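Chain and residue survey
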Amino acid sequence: MDILQELLNNINAILQIEEADNERDKKNGNSLNLFSSLNLKTSELIHSRMIAELLNPNSSHGKGSIFLKKFIELHDFEFTFDVESASVSTEFDIGPISKNFSSGGRIDILIKDANNHALIIENKIYAKDQKNQLLRYANYAKSKKYDYCIVYLTLDCHEPPEFSTGKNPDYEYVMFSYEDDILPWLNQCMKLCPHESTLYYSLFQYSQCLKDLLNLMNEEYKKAIIDIATDDKNVKSVLALYKNEHRIKKRIIDDFVDILCSKAKEMGFVINVDDKFGDDAETFISFCIPKQSDKWALFIGSDKRYAKDVYFGIYLLADKTSRIKKADLTNIPRLWTVFEQEKSCPCGWSYFWSRSGEKYSGKWYDWYDNETIEAMIDRSLLDFIVENIFSPIINKGVFKILNRY
């Protein structure tokens, strides 16, 4: 235990140094990032346009085909791409999606050359795959008789699901990640630019935006932590932490739920928590206000095991009835960015996304993800729920409004 405590103390010391450096950068104006400040860092469209602009030999960056050439070198593609004749398109329309989901859609980035070679880049930040998405793109490329490859670009280099590829895909796709492929590529691009140029600073800003998005540490501090963790005397302690990662996260989630429920009680809610919330699928936390309604309640629920796809909404309790009609939904406050208003969920429902609440802006819907765990620890998830969910329900008297129907 002494060794483990020493390990944690040493790592915490490095984190404090990094935090102090970040605070100093803020004061000196070195942490301003236009992508982040304009809330663009999680927009797939913005990332696709930025990458496409750099890949385009005819772009205003003035570097011709060299950036595209460096990108092609990231993978040993089966064909030789002619970068000099390349054309680059974003949001390329391949027609309406067919009823059997075998064709149609929009390709994030399509790169073609004069020799009928094509790179199809599917860019995924937080949005989920659509049905047969990669299969539809492959079918399009085949219909055009392209010699092609699909690049599936994600934050963490995960495999595309069968829901997107179709069963037993007979086409080639490769996985790229922002950390292992795009960031090194940007570094290569920066080396080709004069340091005083606008292009260099644009690339630097975009690179910093990605590091912020990926929550990456400064390389110097990352190396220091790895050195500490791989020291012979610390390896057993590190492995013990890895073995208990799920239990550690479950304790943090349980503690967060306790704090959340205590805050809700202070605000006047009566709470009921499923015993296995965070472990099993289809588990819920309900928040009622008996003085206002015995029919309606706020729910935080999870459709998947281990608190995946966590969402929230105001629901009609299972054993209650309501005369609410679809036409009445316009009289019900829309409290958050919703997927759909329904009779049983008239205020709409939403996944948890991020502090901004915007769709696909984060992964707070996965309560075991490190991003969400950090948001629990620093209370930003609690603040979001109180400010954007609890308070509007109480301040607008939503349950009382629903009782009219």
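One structure accompanies this document, and this report is about it. Residue positions are given per chain, counted from 1 along the sequence in the order it is written. pLDDT decides what is reported in this predicted model: residues at 70 or higher carry local features, side-chain atom pairs at 80 or more are listed and counted, and totals for whole chains, interfaces and linings draw on all residues regardless. Hydrogens and waters are ignored; side-chain quantities use all the structure's heavy atoms.

1. Some remarks on the pairing of strand S3 (residues 117-123)
With a 1.4 Å probe rolled over the protein chains alone, any residue whose accessible area is under 20% of its type maximum counts as buried; one over 50% counts as exposed, and the rest are partly exposed. Helix numbers and strand numbers start at the N terminus; a helix is a DSSP run of H or I with at least 4 residues, a strand a run of E with at least 2. In terms of burial, S3 is largely enclosed, as seven of its seven residues are buried. Burial of S3 is two-sided: the residues His-117, Leu-119, Ile-121 and Asn-123 facing one way and the residues Ala-118, Ile-120 and Glu-122 facing the other way are all buried. The pairing of strand S2 (residues 106-112) with S3 spans four bridges and is antiparallel. By the bridge assignment, Ile-111 is partnered in S3 with Leu-119. The turn joining S2 and S3, which pair antiparallel and follow one another in sequence, is formed by four residues; a positive phi near 70 degrees is taken by Asn-116. Viewed along the sheet, the connection from S3 through helix H5 (residues 133-143) into strand S4 (residues 147-154) turns out right-handed. Two strands pair under a simple rule: DSSP has to find at least two bridges between them. Look down the strands so they point away from you; if going from the first strand over the helix to the second traces a clockwise path, that crossover is right-handed.

2. As for the side chain of Ser-302
Looking at where Ser-302 falls in the secondary structure, it is placed in strand S8 (residues 296-304). Judged by relative accessible area, Ser-302 falls into the buried class, the value being 0%. Within the structure, Ser-302 has its side chain in polar contact with the backbone oxygen of Lys-304 (distance 2.8 Å). Definition of a polar contact: a pair of N or O atoms within 3.5 Å, with one able to donate and the other able to accept a hydrogen when the atoms are protein atoms, and with sequence-neighbouring residues admitted only if both atoms are side-chain atoms. Within the structure, the side chain of Ser-302 is placed 3.1 Å from the backbone oxygen of Lys-308, a separation counted as a polar contact.

3. Considering the packing of helix H11 (residues 245-266) against helix H12 (residues 370-377)
Angles here are taken between N-to-C directions and fall from 0 to 180 degrees, while the axes themselves are lines fitted to C-alpha atoms, restricted in helices to the stretch in contact. For the pair H11 and H12, the least separation of the axes is 10 Å and the interaxial angle reads 45 degrees. What the angle tells us is that H11 and H12 run oblique. For the crossing formed where H11 meets H12, the hand is left-handed. Together, Lys-249, Ile-252, Ile-253 and Phe-256 of H11 and Asn-370, Ile-373, Met-376 and Ile-377 of H12 make up the contact between the two elements. Ten residues, namely Ala, Val, Leu, Ile, Met, Phe, Trp, Tyr, Cys and Pro, are considered nonpolar, four, namely Asp, Glu, Lys and Arg, are considered charged, and the remaining ones, Gly among them, are considered polar. Its residues assigned to classes, the contact of H11 with H12 comprises six nonpolar, one polar and one charged. Here the angle decides the label: under 35 degrees means roughly parallel, over 145 means roughly antiparallel, 65 to 115 means roughly perpendicular, and every other value means oblique. Each crossing gets its hand from how the near helix is turned against the far one by less than a right angle, where anticlockwise is left-handed and clockwise is right-handed. In this description, contact between two residues means that some pair of their heavy atoms is separated by no more than 4.5 Å.

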